[in-house]
Amino acid sequence: MKPAFYVTTPIYYVNDVPHIGHAYTTLAADVLARYKRLKGFDVFFLTGTDEHGQKVEKAANAAGETPLELADRVMKRFQSLWEKLEISNTDFIRTTQERHKKGVSVLFERVMEKGDIYLGEYEDWYCTPCETFWTETQLIDYKCPDCNRPTEKLKEESYFFRMSKYQDQLLAHIEANPDFIQPKSRRNEIISFVKEGLRDLSVSRTTFSWGIPVPGNDKHVVYVWFDALTNYITALGYPQEGGDFEKYWPCDVHLIGKDILRFHTVYWPTFLMAAGLPIPKKVFAHGWWTVEGQKMSKSLQNVVEPNMLVDKYGVDAVRYFLLREVPFGLDGDFSHQALIHRINSDLANDLGNLLNRSTAMLGKYFGGVLQTPGEESELDKAYREKTVAMIEQVDGFIDELAFSRALQAIWEVISAGNKYIDETAPWTLAKDPEKRERLSTVMYYMLESQRIVYTLLSAFMPKTAQKGLSCLVGSDEASAEGLAWGGLKPGTAIAKAEALFPRIEEKAE
Ligand code: MSP
């Protein structure tokens, strides 16, 4: 039986349309899912939309729609963007679906039955955009400490979750599992937060109605974060504990942005502890994208729309850029110039050119038919070893979610390929009939190394990998067996490759 692997993205609010921030998390999850599938795992990759809460209700009112009409419309935009970006998710959950609502009610009820949810009264400062309550001391000039927007004082009857009860258990869990919260700086941040003391958490609202009713008291709706976080198990069929739930839970990794770390590493694990369910194995928080040096915002009208990027530059260029440009975990800046630069230098010059030149040479010197390699020289050996070492390096980097380092390791082999051609100078070998065997070896090494490169690239750039592999092996499917030296069979016909990435003119600003 294949080992199971479960990866999730956050579920996206439907009051906003998708932008590169959303695309980023989803792309990272997709690369991980594709890579694990390639390595033989049975992958469940979940994404979806967060459709309840005051924020969505307000946006729907402003648009003159019901919240569900708004959700139906916006979730389609997410789904069509995921198709366009070649996202290979297994499931797409919407929090308005029956399967989800049922699971949330059951979880809430179970925690209540245990005595860890109780009825009380709440008075505090509420930030609607963040759906978060703050104490007065946490506010900065009466504004939300997270987003700097105005807060309002709210008093309401509320159900509370006894989060304080789980403080020690949570801390012990974080300390015993150094990989649970990543990167490390984020882990330290959460440890300090928990050590400051956990308060009981308000987990219901009465001031609006767009949500899941609290079981047994429908004056209240379940707090949107209790509702939303539960998606990670309702998508697996919870409360039914067999089937997918048994197979995939606990989750291998929740990929999220740094702004929603506390919800995933404090709220979510303590809810699960109260319900007696296992805790996710890992939560990884990535950084935020700014645009040309500025925070992305509707008011600045600088929101980068991924559909437009894909139409302009192609899906794989966008996939490559977002994961290559910035180390996963750090903040980064998006600019068209940086993207064009990556396309021209890494994709057109390095990757595309190597395939193009090497297949052209095979055509010219051997009529496009791969020959049996002869004796291995020192130069060949170094190139082969570098290629084989890359397979392990990429595996390690992907396990650490260091996507940009994984790509860097692949590009080092691509550069080594271009250098190998310059050093072996096939055009000189071709002039000497005595050097036919040497020329055959050089051709074989050049193309075989690239076959492995494209097999690994299938996780990052599926279309490009398909083109590369169909050119080299006549089948566009990457497989784990392909991750070993010697896959190319002598006698294979390999036609000259088309240019994979045409250069883009860099316009002076
Ligand atoms: N609905 C909640 C998540 C619930 S998960 C149980 C939510 N949704 S969101 O649509 O506002 O944000 C989703 C993700 O997009 C977050 O991980 C957030 O970090 C990410 N990003 C939003 N803007 C971003 C950037 N500018 N850059 C990178 N990621 C950003 O929060």
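Before reading on, note that the structure itself is shown above.
The following paragraphs examine the structure supplied in this document. Numbering of residues starts from 1 in each chain and follows the order in which that chain's sequence is written. At least 70 in pLDDT is required for a residue's local features to be given in this predicted model, at least 80 for side-chain atom pairs to be given and counted, and no such filter applies to totals for whole chains, interfaces and linings, which use all residues. With hydrogens and water set aside, each side-chain value is computed from the structure's full complement of heavy atoms.

**Concerning the packing of aromatic side chains**
The following threshold applies: Any Phe, Tyr or Trp ring, taking Trp's six-membered ring, that has another such ring centre within 6.5 Å forms a pair; planes under 30 degrees apart are called stacked, those over 60 apart edge-to-face, and the others tilted. Helix and strand definitions here come from DSSP, where helices need a minimum of 4 consecutive H or I residues and strands a minimum of 2 consecutive E residues; each element is numbered from the N-terminal end. For each residue, the accessible area found with a 1.4 Å probe, counting protein chains only, is set against the maximum for its type, and the residue is called buried under 20%, exposed over 50%, and partly exposed in between. Placement of a charge over a ring requires the Lys NZ or Arg CZ to be within 6 Å of the ring centre, with the centre-to-atom vector within 35 degrees of the ring normal.
Scanning the entire structure with this criterion turns up 33 aromatic pairs. Centre to centre, the rings of Tyr6 and Tyr248 are 6.4 Å apart; their planes meet at 55°, and the pair counts as tilted. Separated by 242 residues along the polypeptide, Tyr6 in strand S1 (residues 4-13) and Tyr248 in helix H9 (residues 243-248) bring together distant segments of the chain. Classification of Tyr248 as buried rests on a relative accessible area of 6%. With centroids separated by 4.7 Å and ring planes inclined at 40°, the aromatic side chains of Tyr320 and Trp411 adopt a geometry described as tilted. Here Trp411 lies in helix H15 (residues 403-424) and Tyr320 lies in helix H12 (residues 315-325), a separation of 91 residues in the sequence. The pair formed by Tyr320 and Trp411 is uniform in burial state, with each residue classed as buried. Cluster of aromatic residues (ring-pair linked, three or more members): Phe108, Tyr159, Phe161, Tyr166, Trp225, Phe226, Phe263, Tyr267 and Phe271. Cation over ring: Lys36 sits above Phe41, and NZ or CZ is 4.8 Å from the ring centre. Looking at Arg262, its charged tip hangs above the ring of Phe193, at a distance of 4.2 Å from the centre.

**Side note on the site of the ligand**
Note the cut-off: For this description, a residue counts as near a given molecule or strand if any of its non-hydrogen atoms is within 4 Å of it. As used in this structure description, the phrase polar contact means that two N or O atoms lie within 3.5 Å; if the pair is within protein, one of them must be able to donate a hydrogen and the other to accept it, and residues adjacent in sequence are counted only when both atoms belong to side chains. Accessibility throughout is a Shrake-Rupley quantity obtained with a 1.4 Å probe, and a residue counts as covered only by protein chains that appear here. Cavity and pocket criteria rest on a 1 Å grid covering protein atoms alone: a 1.4 Å probe that fits but cannot get out defines a cavity, protein on both sides within 12 Å along at least 5 of 7 lines defines an open pocket, and an atom within 4 Å of a point defines a lining residue. Occupancy of a cavity or pocket is assigned to a molecule whenever over half of its atoms lie within 2 Å of that pocket's grid points.
Lining the immediate environment of the ligand, one finds 23 residues, of which Ile11, Asp50, Gly257, Asp259 and Trp289 sit closest. Between the ligand and Trp289 there is a distance of 2.9 Å, counted from a nitrogen atom to a backbone nitrogen or oxygen. Against a free-state accessible area of 660 Å², the protein chains account for coverage of 94% of the ligand. When each cavity is represented as a set of grid points, the ligand is found to reside in the largest pocket.

Note that every value here comes from positions in space, so none of it alone points to a role or purpose.
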